[in-house]
Structures are given as structure tokens and as C-alpha cells.
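# Coordinates in review
Below are the chains, spelled out letter by letter.
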Amino acid sequence: MRGEPDPGDSSVERLTPRVRRLILLRHGQTVYNATQRMQGQLDTDLSDLGVEQAQIAGRAIATRAPLVIVSSDLRRAYETARAVGAVTGQDVTTDERLRETYLGDWQGLTHTEVDTASPGARRYWRDDAAWSPPAGESRVDVAARMVPVVTELVDALDGWGRGDDPDAPVVLVAHGGCIAALTARLLGLPVANWPILGGLANTAWVQVSGHSTTDTDDPVWRLDVWNASAESAVQ
């Protein structure tokens, strides 16, 4: 399963000779996910189901022959990334800038506990990317720390988007909230429109492509795939 757009029916693909594929993979399930408890930057482990999900996603992503695999340093993302690397034979690099949104006072609480203490606050947070939980980060804050990771990879990887396999992607393994924030920022969406990008399932992924007309142009990012998963993913 490749997952990239078909260049045969896309005028954009034909007009931009260099296209960098970027896959953003969410980690597998944790017990916190299963019990609707807010993790944020708490360092939780994959559940048994999450381990299985990571293995299945790893086999699917490996078919794309990633150039590099970079992960959040939180265990649930790192172990998911290692499942990809176990198939491709690649090491995983970690970067703390890919951590999930810091949820401040909400971390460790269930959805019900937050709703009881602050009725309507979670909905307000979901609908306003510039709003942050008490003592936490907003999605705008998260995107600001994540975009430089992508920029640095564009500068460092001369073979990204060209060579023998120009469709070989960079894979970033991270978390649902921060992937949505990074995607919105790369696409240049107005902050008011960031909530249009819905939630991601565990081990679902996003693909965006950075289009450049010359090697010195900054990529213009376009959305290819949202919330994709391996056909055989564990439910």
C-alpha cells in the first residue's frame, strides 16, 4: 500500500519537479486512551492492543521505504516508531519537540473529571486552537515548536523528494493533537479553521507533500491523506 497521490492525474504533481512526502503517524493505543484519560506529556506505555496496532502499522509504513524515522521521545510514540524501524532495519531518532500538547492541570484527569470541574472547557479548547488548558499549551504553541523539526529535515536531507525513490517519505511518529496542529500550520490554514482537522485514530497517519519548483524554494505543503490506516488494523 503506497498511499501517495497518483502523479498521472494531478497537474500539481507534474508542475512541481520536487515533491517531498511527509508521513505523520500517531502512536498506538495506551490504557489512558482506552479509559478516556488525558495524557498530554505524561510518559505512558502502549497497551497490549497498542503494541499490536504498532506492529501492523509498522509493516504498512515500511512498504513506503522511509528515508528516516523521527519520533517524539515519549514512550508510546517511540515504541510505535520502533515497530516501523524493526521492519525497515532503521534506527529511530527522537526529538522532544514532537511531544504531545502539554495539558497542564488537565494531565492525568479523565474527560469526565475535566467536564465536571470546568463545564464546557474541553469544547472551547477543541474549537479554539489559540486557547490553552490551565497552565498548558495551545495548539498554536505546539505548532510553533514542531515546524522547525520539518524545516531542519528539509535543509538536511538532500535526497528527500528526488533520487532513485523520490516518493520515499520522512516519517514522524507523534501524537494526535500535535499532528493536527503541525498539519494545519504546514498547510497555512487560518488559526480559526484549524479545528476542521478532526481527530486521528491510534496508529492512523497523515500524509502531506511539500512541492518545490527549484531546489532553493521553500516547499508549499498540500494535504494528501488524513486519518489513513492499515487495512488490517486491529479494531
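Here is a short report on the structure shown in this document. (Residues numbered from 1 in each chain as written. Predicted model: local features only at pLDDT ≥ 70, side-chain atom pairs only at ≥ 80, totals over all residues. Heavy atoms only, no water.)

In this model, the largest pocket occupies a volume close to 830 Å³. Elements that contribute at least two residues to the lining of the largest pocket include exactly α2 (31–34), α6 (121–127) and α8 (176–187). Of all the elements, α8 adds the most residues to the lining of the largest pocket, at five residues. Residue classes in the lining of the largest pocket are distributed as 12 nonpolar, 12 polar and seven charged. Taken as a whole, the second largest pocket holds about 250 Å³ of empty space. Lining the second largest pocket are 14 residues, and of these Thr151, Val154, Asp155, Asp218 and Pro219 lie nearest its centre. Looking at the lining of the second largest pocket, the elements that each hand over two or more residues are α7 (139–156) and α8. (1 Å grid on protein atoms, 1.4 Å probe; cavity = no way out; pocket = protein on both sides within 12 Å on 5 of 7 lines; lining within 4 Å. Points joined across faces, edges and corners; volume = space filled by probe spheres on them. Helix = DSSP H or I, 4+ residues; strand = E, 2+ residues; numbered from the N terminus. Nonpolar A, V, L, I, M, F, W, Y, C, P; charged D, E, K, R; others polar.)

All right, on to the sheet that holds strand β6 (residues 220–228) then. Across the sheet, which stays open at both edges, the six strands sit in the order β3-β2-β4-β1-β5-β6 with mixed pairing between neighbours. Two strands close off the open sheet at either side, each with one partner strand: β3 (93–94) and β6. Of the pairings in the sheet, the one linking strand β2 (residues 68–71) to strand β4 (residues 170–174) comprises four bridges and is parallel in character. Bridge pairing in β4 places valine 68 opposite valine 170. (Pairing = 2+ DSSP bridges.)

Moving on, we come to the nonpolar core. Note that soluble globular proteins tend to have their nonpolar side chains buried in a common cluster. Formed by 30 residues in total, the largest nonpolar core has its most connected members in Leu22, Val150, Trp160, Leu172, Leu182 and Trp221. Contributing elements (two or more residues each) for this core: β1 (18–26), α7, β4, α8 and β5 (205–212). Residue contributions to this core peak at eight residues, all from α7. Residues Leu25, Ala57, Ala81 and Val92 belong to the second largest nonpolar core, which totals 17 residues. (Core = buried A, V, L, I, M, F, W, Y, C linked by side-chain atoms within 4.5 Å. Buried < 20%, exposed > 50% of the residue type's maximum accessible area, 1.4 Å probe, protein only.)

Right, let's talk about the pattern of salt bridges for a bit. Applying the stated criterion across every chain yields a total of 15 salt bridges. Linking arginine 21 and aspartate 224 is a salt bridge whose minimum nitrogen-to-oxygen distance equals 3.8 Å. Of this pair, arginine 21 sits in strand β1 while aspartate 224 is found in strand β6, placing the two residues 203 residues apart along the sequence. Classification of arginine 21 as buried rests on a relative accessible area of 2%. Owing to a relative accessible area of 25%, aspartate 224 belongs among the partly exposed residues under this scheme. Residue aspartate 95 is joined to arginine 97 by a salt bridge in which the shortest nitrogen-to-oxygen separation is 2.8 Å. By relative accessible area, which is 16% here, aspartate 95 ends up buried. For arginine 97, a relative accessible area of 24% translates into the label partly exposed. (Salt bridge = Lys/Arg side-chain N within 4 Å of Asp/Glu carboxyl O.)

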